[in-house]
Structure formats: C-alpha cells, structure tokens
Amino acid sequence: MNLQKLLKISVAVQLAAIVAIIGLVFVGDTADLHPLLQEYLAWEEENILLGNGLMAIVLIVVVAYLVAMFGLWNFNKWAKPVYIVTLIASVLLTAFTSYMSIYTPLEEMVITISSIATGFTLAILFTDIELNQPFKWSVVIAPIALLLVMVALFVFYFI
C-alpha cells in the first residue's frame, strides 16, 4: 500500500472522528456521570463556550481544518500549509482556553483515535519525498499564514 492511500485513510479517519465527536456532543449521554460533573458540564457550555465569543473562533478554525482535509484528500498544493496552520491554531486555542473539560469514555476514545490519525498524517506529510511532490508550496506562504492566524487569534482573544 503506498503512502498516498495511507494518507487518504488517515484523512478519512479524522473526518469520521470529527463527525463522531459532533454526534456524541449533541446526542451523547451524560446521565451516568456524577451529578457534580453534569453540573460542571452545564456551566462550561453556558459560560465558557458561548459566553466569551470563543465559539466563533473555534468555528473558523474548524472550517479551515475541514477545508484543509478536503485539500489533502485531493492532494492540492495549498492543503499542506493550511492543515499545519490550523493544527497550530488549534493548539494555540487550547493554550488560551486553559479550563478543564469533562468527556465521556466514548468521546475520549474518539478524540484519541483522531489524535493518532493527526500524528500519522503529519508523519506522512513530512517524511515521504514521493508524497511531497504534489505539495509544491512556497516556503514563504506558510510562515506568513501562521503569523496572520496567530495575530487574529490574539486580537479576537483579547478584544
């Protein structure tokens, strides 16, 4: 099996994990959690995600991530820097929102699978010379895009 097929499988696993996480968040059963944890989850939804406008930034990053995944699936040359920038933006968002999250065991399993697939995708993108041929992108574009994303995140976070 060549690495291009493995990349497509990794992208498919990540997309399936995103769909599963969204489904579990909206349909997931938290009735088996301790009442204090259920109360914290309700507070978290109300105050953190919706309270400070963070959801808009998260949605922008998620949409950019989905676009990058589509580009990786089709081996577009712009997809690699967009994918990397969105991963860095999601790490920065995680750093800015330093609060505790509660997940059900099923949600945690899906998140772990998604993280493994993300690492696998990054390893494929940076190790195989043959696979890098379709991704001929300028070395200047990625740092500029990363800088713009970081500036936008700082501006949105501190406003």
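Here, every reference points to the structure presented above.
These figures come from a predicted structure and were not determined experimentally.

Digging into the overall build of the protein
Part 1 of the reasoning: When helices and strands are counted, the protein shows seven helices and zero strands.
Part 2 of the reasoning: Reading the protein from its N terminus to its C terminus gives the helix and strand order α-α-α-α-α-α-α.
Part 3 of the reasoning: Counting across all 159 residues of the protein, residues that qualify as buried make up 30%.
Part 4 of the reasoning: Put simply, the protein shows about 9,900 Å² of open surface, and 74% of that area lies on carbon and sulfur atoms.

A closer look at the packing of helix H1 (residues 3-27) against helix H5 (residues 105-127)
Part 1 of the reasoning: H5 packs onto H1 with a crossing angle of 155 degrees between their chain directions and a minimal axis gap of 9 Å. Considering the angle they form, H1 stands roughly antiparallel to H5. Seen along the crossing, H1 lies across H5 with a hand that is left-handed. In this structure, H1 uses Leu 3, Leu 6, Leu 7, Ser 10, Val 13, Gln 14, Ala 17, Ala 20, Ile 21, Leu 24 and Val 25 to contact H5, whose residues at the interface are Leu 106, Glu 107, Val 110, Ile 111, Ile 113, Ser 114, Ala 117, Thr 118, Phe 120, Thr 121, Ile 124 and Leu 125.
Part 2 of the reasoning: Residues that form the contact of H1 with H5 fall into these classes: 17 nonpolar, five polar and one charged.

Some details on the packing of aromatic side chains
Part 1 of the reasoning: The final tally for this structure, using the stated rule, is one aromatic pair.
Part 2 of the reasoning: Seen in terms of ring centroids, Tyr 65 and Tyr 83 are 5.7 Å apart; in terms of plane orientation they differ by 25 degrees. Their pairing is stacked. With Tyr 65 in helix H3 (residues 54-73) and Tyr 83 in helix H4 (residues 79-96), this residue pair connects regions lying 18 residues apart in the sequence.
Part 3 of the reasoning: A relative accessible area of 13% means that Tyr 65 is categorised as buried.
Part 4 of the reasoning: Judged by relative accessible area, Tyr 83 falls into the buried class, the value being 0%.
Part 5 of the reasoning: Taking the ring centre of Phe 126 as reference, the NZ or CZ of Lys 80 above it sits at 4.6 Å.

Parameters at a glance
- Residues numbered from 1 in each chain as written.
- Predicted model: local features only at pLDDT ≥ 70, side-chain atom pairs only at ≥ 80, totals over all residues.
- Heavy atoms only, no water.
- Helix = DSSP H or I, 4+ residues; strand = E, 2+ residues; numbered from the N terminus.
- Buried < 20%, exposed > 50% of the residue type's maximum accessible area, 1.4 Å probe, protein only.
- Areas by Shrake-Rupley, 256 points an atom, 1.4 Å probe, with all protein chains shown as cover.
- Axes fitted to C-alpha atoms, helices over the stretch in contact; angles between N-to-C directions.
- Parallel < 35°, antiparallel > 145°, perpendicular 65-115°, else oblique.
- Left-handed = near helix turned anticlockwise from the far one by under 90°.
- Contact = heavy atoms within 4.5 Å.
- Nonpolar A, V, L, I, M, F, W, Y, C, P; charged D, E, K, R; others polar.
- Phe/Tyr/Trp six-rings, centres within 6.5 Å; stacked < 30°, edge-to-face > 60°.
- Lys NZ or Arg CZ within 6 Å of the ring centre and 35° of its normal.

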